[in-house]
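Single-letter residue listing:
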Amino acid sequence: MAKAVRAEPEPELEVPVPVRGPERGPIKLRVNGEKHELWVEPRRTLLDALRDDLGLTGAKKGCDEGTCGTCTVLLDGKPIYACLRLAIECEGHEITTIEGLAQGGELHPVQRAFIEEDALQCGFCTPGQILSVKALLDENPNPTEEDVRRAVSGNLCRCGAYPHIVRAALRAAKGLAERPGR
Amino acid sequence: MKRFRYARPERLEAALRLLREPGAKALAGGTDLLTELKARTQEPELLVSVQGLQEPGLRGVREDERFVRIGALTTLRELEAHPLVRDKLPILAQAAQTVAMPQIRHVGTVGGNLMQQVRCWYYRHPFVRCWLKGGEECYAEEGLNHRHAIFGTSPCIAVHPSDLAPALIALDAQARVVGPDVEGELALEELYRLPDERSRARTVLGPADLILEILVPKPSEPTRVRGVYLKAMERATWSFAVVSVAARLSFEPGSEGVRARVGDARLVLGGVAGKPWRARDAEAALRGSPLTDEAIERAAEAAVAGAQPRAHNAYKIELTRALVKRALRSLLPP
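Definitions and cut-offs
- Residues numbered from 1 in each chain as written.
- Chains lettered and ligands numbered in written order.
- Predicted model: local features only at pLDDT ≥ 70, side-chain atom pairs only at ≥ 80, totals over all residues.
- Heavy atoms only, no water.
- Contact = heavy atoms within 4.5 Å.
- Buried area = accessible area lost by both parts, 1.4 Å probe.
- Salt bridge = Lys/Arg side-chain N within 4 Å of Asp/Glu carboxyl O.
- Polar contact = N/O pair within 3.5 Å; in protein donor to acceptor, adjacent residues only side chain to side chain.
- Helix = DSSP H or I, 4+ residues; strand = E, 2+ residues; numbered from the N terminus.
- Nonpolar A, V, L, I, M, F, W, Y, C, P; charged D, E, K, R; others polar.
- Pairing = 2+ DSSP bridges.
- Domains from an automatic or database assignment.
- Axes fitted to C-alpha atoms, helices over the stretch in contact; angles between N-to-C directions.
- Disulfide = S-S within 2.5 Å.
- Right-handed = clockwise from strand over helix to strand, strands pointing away.
- Parallel < 35°, antiparallel > 145°, perpendicular 65-115°, else oblique.
- Left-handed = near helix turned anticlockwise from the far one by under 90°.
- Core = buried A, V, L, I, M, F, W, Y, C linked by side-chain atoms within 4.5 Å.
- Buried < 20%, exposed > 50% of the residue type's maximum accessible area, 1.4 Å probe, protein only.

Moving on, we get to the interface of chain A and chain B. Chain A puts 47 residues into the contact, and the matching count from chain B is 44 residues. Across the interface of chain A and chain B, roughly 3700 Å² is buried in total on both sides, 58% from carbon and sulfur atoms. At the junction of chain A and chain B, the tally comes to five salt bridges. With a shortest N-O distance of 3.7 Å, Glu80 of chain B and Arg150 of chain A are connected by a salt bridge. Between chain A and chain B we count 14 residue pairs in polar contact (both at pLDDT 80 or more) in total. Those elements that place two or more of their residues in the side of chain A that touches chain B are β1 (19-20), β5 (78-81), α3 (126-139) and α4 (145-151) of chain A. For the side of chain A that touches chain B, the leading source of residues is β5 of chain A, giving four residues. Considering only residue class, the side of chain A that touches chain B consists of 21 nonpolar, ten polar and 16 charged. Alignment of β1 of chain A against strand β1 (residues 5-7) of chain B, held across two bridges, turns out to be antiparallel. Looking at β1 of chain B, one finds that Val19 of chain A is bridged to Ala7 of chain B.

As a further point, take the domain arrangement of chain B. Residue and element names in this part refer to chain B. The domain boundaries assigned to chain B delineate domain 1 (1-48) and domain 2 (110-218 + 225-334). One C-alpha centre belongs to domain 1, the other to domain 2, and the line joining them spans 27 Å. Each partner contributes residues to the interface: domain 1 has eleven residues there, and domain 2 has 14 residues. Summed over both partners, the interface of domain 1 with domain 2 comes to about 1000 Å²; 63% of that surface belongs to carbon and sulfur atoms. Three residues, Leu16, Asp32 and Thr41, lead the burial of domain 1 against domain 2; their summed loss comes to 38% of the area buried on that side. Here domain 1 is connected to domain 2 by two salt bridges. The residue Arg124 makes a salt bridge to Asp32 at a minimum N-O spacing of 2.8 Å. Our enumeration of links across domain 1 and domain 2 arrives at five residue pairs in polar contact (both at pLDDT 80 or more). For the side of domain 1 that touches domain 2, the secondary structure elements donating two or more residues are α1 (12-19) and α2 (33-39).

What follows deals with the sheet that holds strand β4 (residues 72-75) of chain A. All names here are of chain A. If you trace the five strands from one edge of the open sheet to the other, you get β3-β2-β6-β4-β5, paired in mixed fashion. The sheet terminates laterally at β3 (34-40) and β5, the two strands that pair on one side only. Averaged over all pairs of adjacent strands, the angle between their axes in this sheet comes to 45 degrees, without regard to strand direction. As judged from the two bridges shared by β4 and strand β6 (residues 94-96), these two strands associate in the antiparallel manner. Bridge pairing links Leu75 to Ile95 in β6.

All names here are of chain A. Taken as a whole and judged by the stated rule, the model has zero disulfides over all chains. The cysteine Cys63 is free of any disulfide, with Cys68 supplying the nearest cysteine sulfur at 3.8 Å. No disulfide involves Cys125; its sulfur sits 4.0 Å from that of Cys157, the nearest cysteine.

The next thing to look at is the pairing of strand β2 (residues 24-27) of chain B. All names here are of chain B. Bridge count between β2 and strand β3 (residues 46-49): four bridges; the pairing is parallel. Each bridged residue has a counterpart across the sheet, and for Lys25 the counterpart in β3 is Leu47. Handedness of the β-α-β unit built from β2, α2 and β3 comes out right-handed.

What follows is about the packing of helix α2 (residues 109-116) of chain A against helix α5 (residues 162-178) of chain A. All names here are of chain A. The N-to-C vectors of α2 and α5 enclose an angle of 135 degrees; their axes lie 8 Å apart at closest approach. Considered as vectors, α2 and α5 are oriented oblique to each other. The crossing of α2 and α5 is right-handed. Residues Pro109, Val110, Ala113, Phe114 and Glu116 of α2 form the contact with α5, whose participating residues are Ile165, Ala168, Arg171, Ala172 and Leu176.

Residue and element names in this part refer to chain B. Membership of the largest hydrophobic core comes to 96 residues, with the highest contact counts inside it found for Ile70, Leu92, Leu114, Leu164 and Ile214. When sequence neighbours within four positions are dropped, the list of residues in contact with Leu164 reads Leu76, Leu79, Leu92, Ala95, Ala96, Val110, Asn113 and Leu114. Judged by nonpolar contacts, the second largest core, of 34 residues, contains Ala265, Leu267, Ile296 and Val324.

Take a look at the structure:
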């Protein structure tokens with residue numbers, strides 16, 4: 001596209017807006033309940049920040065262009081593609097990755113249900129599938145099979161474990177509903 | 001991705017000021033823009049995030065006397081789930097539900113969906129310098145054009161990919177815009193243009209103009225209005241429209257049941273032209289007569305009358321004809 005030419009600076013705004021980059025600078029992220037300060041360029045995607053800067057490799061890099069779903073993480077509880085989000089745009093939000101699901105060494109009920117229903121073969125898409133299912137159950141504790149299919153429609157599984165994934169989601173919903181105190 | 005500077009202003013004036021800098025580009029949900037940055041089809045010097053803006057009306061759906069008002073930063077998920085949209089604008093709820101998949105709908109915004117770039121594989125290819133990217137030639141014209149336009153004349157034959165745009169045009173929506181090139185309210189239909197030798201832009205907005213709100217007029221007699229959005233896809237989900245139809249009919253008072261006469265008609269097609277395509281001849285064919293099988297056939301023929309297929313996309317004519325018929329049949333009064 002047309003090359004841009006830097007213009008003369010305009011007069012100062014009353015309250016100047018900080019312009020950051022293109023060099024590295026500090027950004028603050030909250031991931032799985034922990035605060036982190038990263039030193040990255042504005043062009044850093046959330047996915048690269050999680051995997052390469054924070055060592056959280058549960059979110060996978062498949063297509064890196066929003067067409068596979070392996071990088072699914074939760075932003076304020078909602079599933080998003082980490083490859084299509086700048087890390088700098090996640091300041092002030094809560095990120096949850098697959099590493100944040102187990103509590104005190106105990107797997108999350110959705111994780112357990114995936115094991116019990118044998119809902120994976122190679123496992124590459126599994127972190128994303130589990131997070132999509134978790135977000136669904138948080139919003140709708142009693143989903144239909146159709147609700148589950150819609151919820152994981154943005155997560156490709158090339159092994160074709162879909163029927164087991166749907167069963168695992170329904171099993172997890174049942175298990176969560178029967179848990180005392182819920 | 002090329003390096004860029006980044007700012008996230010809270011005040012609208014600051015955002016508009018920053019957007020006037022050369023090479024500046026607005027960033028909303030980013031689900032389309034990031035794919036362009038990665039392919040280097042866009043190389044902005046400065047990204048101005050509008051996610052920090054505190055301007056009232058930018059987020060959420062509300063109504064006043066005349067309009068349902070949709071903030072441009074409302075996400076597609078918020079739109080599809082909102083009771084006002086579900087109850088009063090079912091065409092729009094149906095359109096929003098068909099966009100991409102949950103992960104994109106949770107992030108993508110109404111404004112971004114309306115302003116998204118075409119999906120043409122030549123445009124999107126990092127190494128192809130097609131006409132739309134400032135080159136000399138549209139490679140789709142003689143190349144792989146299965147997904148390209150059957151209507152409209154333009155040096156670029158990519159189709160507009162938005163689902164919301166046909167639905168909102170069928171609803172006679174307006175966009176409230178602020179910026180140096182366009183300011184005020186304009187009919188959403190007037191937002192779009194076909195690229196030509198004068199300008200490769202697909203909307204009338206300049207780079208520093210922002211859509212703030214979408215205003216959808218409330219029908220005076222809602223019980224007499226029926227509408228539907230149908231989308232033909234390559235699979236049941238996660239696909240851009242191969243062809244889509246947004247249809248809205250009002251039925252005249254004093255005529256009931258199967259004899260009900262069509263008053264006003266809107267028929268807007270997606271996936272078939274470089275902009276959302278109003279099938280005006282089909283609309284005219286529907287007005288004033290009952291929605292009989294013959295009227296539906298006439299409208300479907302009128303909808304595809306001007307089509308100019310290319311080597312690989314004549315199937316879209318049959319698809320459009322069938323989808324128009326299916327949409328109109330679904331609007332028959334009980």
